[in-house]
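Now for the letters of each chain:
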Amino acid sequence: MWAQRLAKRTQRMRPSAIREILKLTDAGSILSLAGGLPASDLFPIDDVAAATQRALATNGARALQYGPSNGLVELREWAAGKRKGAKAEQVVITSGSQQGLDLIAKVLLDPGDRVAISAPSYMGALRAFDPYEPEYLPVDMDEEGILPDALEAVLAQGVKFLYVVPDFDNPSGRRATLARREAILEVCDRHDTLIVEDAPYRELRFDDVIYPPLFELAPDRVVHLGTLSKTLAPGLRMAWLLLPEALVDIVEQAKQAMDLHTSTFGQAVSYELVKDGALETRFPALRAHYRTQRDLLVDQLRDNLGDVLTFDVPPGGMFLWATLPDGMDGTALLRDAVEEGVAFVPGESFYPREGKPNTIRLSFSLLDEAGFREASARLARAVAKHQRAA
Ligand SMILES: Cc1ncc(COP(=O)(O)O)c(C=O)c1O
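Quick notes on the rules
Residues numbered from 1 in each chain as written. Predicted model: local features only at pLDDT ≥ 70, side-chain atom pairs only at ≥ 80, totals over all residues. Heavy atoms only, no water. Helix = DSSP H or I, 4+ residues; strand = E, 2+ residues; numbered from the N terminus. Rg over C-alpha atoms; globule rule 2.2 N^0.38 Å. Buried < 20%, exposed > 50% of the residue type's maximum accessible area, 1.4 Å probe, protein only. Contact = heavy atoms within 4.5 Å. Lys, Arg positive; Asp, Glu negative; His and termini not counted. Charge placed at Lys NZ, Arg CZ, Asp CG, Glu CD. Pairing = 2+ DSSP bridges. Near = heavy atom within 4 Å. Polar contact = N/O pair within 3.5 Å; in protein donor to acceptor, adjacent residues only side chain to side chain. Areas by Shrake-Rupley, 256 points an atom, 1.4 Å probe, with all protein chains shown as cover. Nonpolar A, V, L, I, M, F, W, Y, C, P; charged D, E, K, R; others polar. Axes fitted to C-alpha atoms, helices over the stretch in contact; angles between N-to-C directions. Parallel < 35°, antiparallel > 145°, perpendicular 65-115°, else oblique. Left-handed = near helix turned anticlockwise from the far one by under 90°. Core = buried A, V, L, I, M, F, W, Y, C linked by side-chain atoms within 4.5 Å. Domains from an automatic or database assignment. Buried area = accessible area lost by both parts, 1.4 Å probe. Salt bridge = Lys/Arg side-chain N within 4 Å of Asp/Glu carboxyl O. Patch = residues over 30% accessible without salt bridge, like charges linked within 9 Å, V, L, I, M, F, W, Y side chains within 5 Å.

*Asks:* For this particular structure, what's the right way to read the overall build of the protein chain?
*Replies:* A count of helical and extended segments in the protein chain gives 13 helices and 14 strands. At 21 Å, the protein chain has a C-alpha radius of gyration in line with the 21 Å of a compact globule built from 390 residues. Dimensions of the protein chain, computed from C-alpha atoms along their principal axes, come out at roughly 65 × 55 × 50 Å. Counting the 390 residues in the protein chain, one finds 55% classified as buried. Nonlocal contacts in the protein chain, meaning residues at least 24 apart in sequence, comprise 74% of its contacts between residues at least 6 apart. Each charge sign in the protein chain was given a centre, from 44 positive and 55 negative side chains, and these centres are 4 Å apart.

*Asks:* Honestly, the sheet that holds strand β11 (residues 319-323) in this entry has me stumped. Any pointers?
*Replies:* Strands pair in a sheet through their backbones, by hydrogen bonds, and they do so in one of two ways: parallel or antiparallel. Here we have four strands laid out as an open sheet, ordered β10-β11-β14-β13, and antiparallel in their pairing. A single partner strand is all that each edge strand has here, and the edge strands are β10 (310-311) and β13 (345-346). Relative to β11, β10 is paired through two bridges, and the arrangement is antiparallel. Note on β11: the bridge partner recorded for Thr310 is Thr323.

*Asks:* What's the story with the site of the ligand in this structure? I'm lost.
*Replies:* Around the ligand sit 14 residues, and of these Ser97, Asp198, Tyr201, Thr227 and Ser229 come closest. Here Lys230 contributes a side-chain N or O atom positioned 2.9 Å from an oxygen atom of the ligand. Protein chains bury 91% of the 400 Å² of accessible surface belonging to the ligand in isolation. When residues of the shell around the ligand are assigned to their parent elements, the largest contribution, three residues, is made by helix α4 (residues 96-108). Tallied by class, residues from the shell around the ligand come to five nonpolar, six polar and three charged.

*Asks:* Can you help me understand the environment of Thr10 in this one?
*Replies:* Topologically, Thr10 is positioned in the segment before α1 (17-25). A relative accessible area of 24% means that Thr10 is categorised as partly exposed. In the structure, Thr10 is positioned 120 residues away from Asp130 in sequence and 8.9 Å away in space, judged by C-alpha atoms.

*Asks:* Explain the packing of α4 against helix α9 (residues 245-259) to me, please; I cannot follow it from the model alone.
*Replies:* How two helices sit against one another is set out by the angle between their axes and by the gap between those axes. Where α4 meets α9, the axes come as close as 10 Å, and the angle between the chain directions of the two elements is 115°. When the axes of α4 and α9 are compared, the pair comes out roughly perpendicular. Seen along the crossing, α4 lies across α9 with a hand that is right-handed. Across the interface between the two elements, Gln99, Asp102, Leu103, Ile104, Lys106, Val107 and Leu108 from α4 touch Leu247, Ile250, Val251, Ala254, Lys255, Met258 and Asp259 from α9. Here the residues of the contact of α4 with α9 sort into nine nonpolar, one polar and four charged.

*Asks:* Would you explain the nonpolar core in this entry?
*Replies:* Burial of nonpolar side chains together is a common tendency in soluble globular proteins. One finds Leu151, Leu162, Ile195, Leu309, Leu320 and Leu362 to be the most contacted residues of the largest nonpolar core, which totals 79 residues. When we break this core down by domain, the ones giving at least three residues each are domain 1 (8-37 + 282-389) and domain 2 (45-278). Non-local contacts of Leu309, meaning those with residues more than four positions away in its chain, are made with Leu301, Ala322, Thr323, Leu324, Ile360 and Leu362.

*Asks:* What's the story with the domain arrangement of the protein chain in this structure? I'm lost.
*Replies:* The accessible area lost on association of the parts is a frequent measure of interface size. Splitting the protein chain by domain gives domain 1 (8-37 + 282-389) and domain 2 (45-278). Computed from C-alpha atoms alone, the centre-to-centre distance between domain 1 and domain 2 is 26 Å. Taken together, the contact between domain 1 and domain 2 spans 31 residues of the former and 34 residues of the latter. Summing both sides of the interface, domain 1 and domain 2 together bury roughly 3,100 Å²; the carbon and sulfur share of this comes to 61%. It is Arg12, Arg287 and Pro315 that lose the most area in domain 1 upon contact with domain 2, and together they represent 22% of the buried surface on that side. Between domain 1 and domain 2 we count two salt bridges in total. Note that Asp130 is salt-bridged to Arg12, the shortest N-O span being 3.6 Å.

*Asks:* Could you clarify how one ought to interpret a nonpolar patch on the surface in this entry?
*Replies:* Taken together, the side chains of Leu56, Leu64 and Phe265 define a hydrophobic patch exposed on the protein surface, amounting to about 280 Å² of accessible area. Take Leu64: it is sitting in helix α2 (residues 45-64).

*Asks:* When you look at helix α12 (residues 330-340) in this model, what are you seeing that I'm missing?
*Replies:* Because each turn of an α-helix spans 3.6 residues, side chains separated by three or four positions end up pointing in the same direction. Those residues of α12 lying buried are Gly330, Leu333, Leu334, Asp336, Ala337 and Glu340. Against β12 (342-343), β13, β14 (359-363) and α13 (369-389) lie the buried residues of α12. Near the N-terminus of α12, the side chain that reaches the backbone nitrogen of Thr331, with its oxygen 2.7 Å away, is that of Asp329. Count one or two residues on from α12 and you reach Gly341, which has phi positive near 95°.

*Asks:* Can you help me understand the environment of Tyr163 in this one?
*Replies:* Relative to the elements of secondary structure, Tyr163 occurs in strand β6 (residues 161-164). For Tyr163 and Pro138, which are 25 residues apart along the polypeptide, the C-alpha to C-alpha distance reads 9.8 Å. Once you skip the residues sitting within four places of it in the chain, Tyr163 turns out to touch Leu101, Ala116, Ile117, Ser118, Ser121, Tyr122, Ala125, Phe129, Val196 and Asp198.

Here's what the structure looks like:
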């Protein structure tokens, strides 16, 4: 009875592959290379307790009262201070970047509008955009980011915006080179296309190469999303949108209609955690941790699966994108892998339509050395079994 009464937009709300996979990995015996959860050992639990005390002691009533829809001014100033040329008036604090993606789609997309997306793309972004019923136009990538020629062909069809993750992409792990960033902006300029730049992994770099975010290269053309999820803790649900001035008011109104504002209490605590350079002091340890994790996974994959998996070593982030032999299907392999006790995300989940079936995403955020060794051995057994059955 209820099913017939659902709004048409719900037809696009498919069960997320992430959720299904997380369910699998709840079984204690499964070693998971699937989920993208940050390492919980690095959560600053004592610091959060102290920051909570301070937030309540310094202005507890304000932290517990309703607040402005765009966020507490000190947190907006802090977020603006992270990006050259940004002003606090351009910042809207959101409940996670995920809400920022929803807000952007809500104010920009009519049903049938085209959205250019990198192929592959963060599936959570596609799920956020889906209810607004866009048509996705995937843009192929190589190791240096999305391909300008492919982008040209897509933008020529007319799109509302381009969605990209230039730094340590989820799922591909890639970082767009400076030349590629400039080429992307040049094509978008020519077609007068807005860019949505999602940057949750930007600070998790494993080398000293730093390219400017697209926002700093073209502030009038770029919506930039930042978050504390990967550098502090995702449970805070604290993130921000940096918007071209023309979009600020409408996004603020949409945010107000959605939830009035992000938790003032959460914002006050978050500000205590990040102010005076406190967030940045965490970066060296985070980078060292995830770089070590990446190296451990890479070593085990080379030892156990060197002849079946090909991949580039990601220069940052939490994910390694690997290609299986031609003709092997990641989704079919996952079934054998779960039987062997290891999980990953099939690459196909990161494409809106048919993707590259012989790709998989492996997360290096959660296991330890012994876990990576065992997970890789199990994956190798699953591949062998799969090849025998084929
Ligand atoms: C590319 C990308 N964007 C956005 C998000 C969501 O981040 P948040 O926790 O800030 O909502 C994620 C989380 O995995 C992500 O990988």
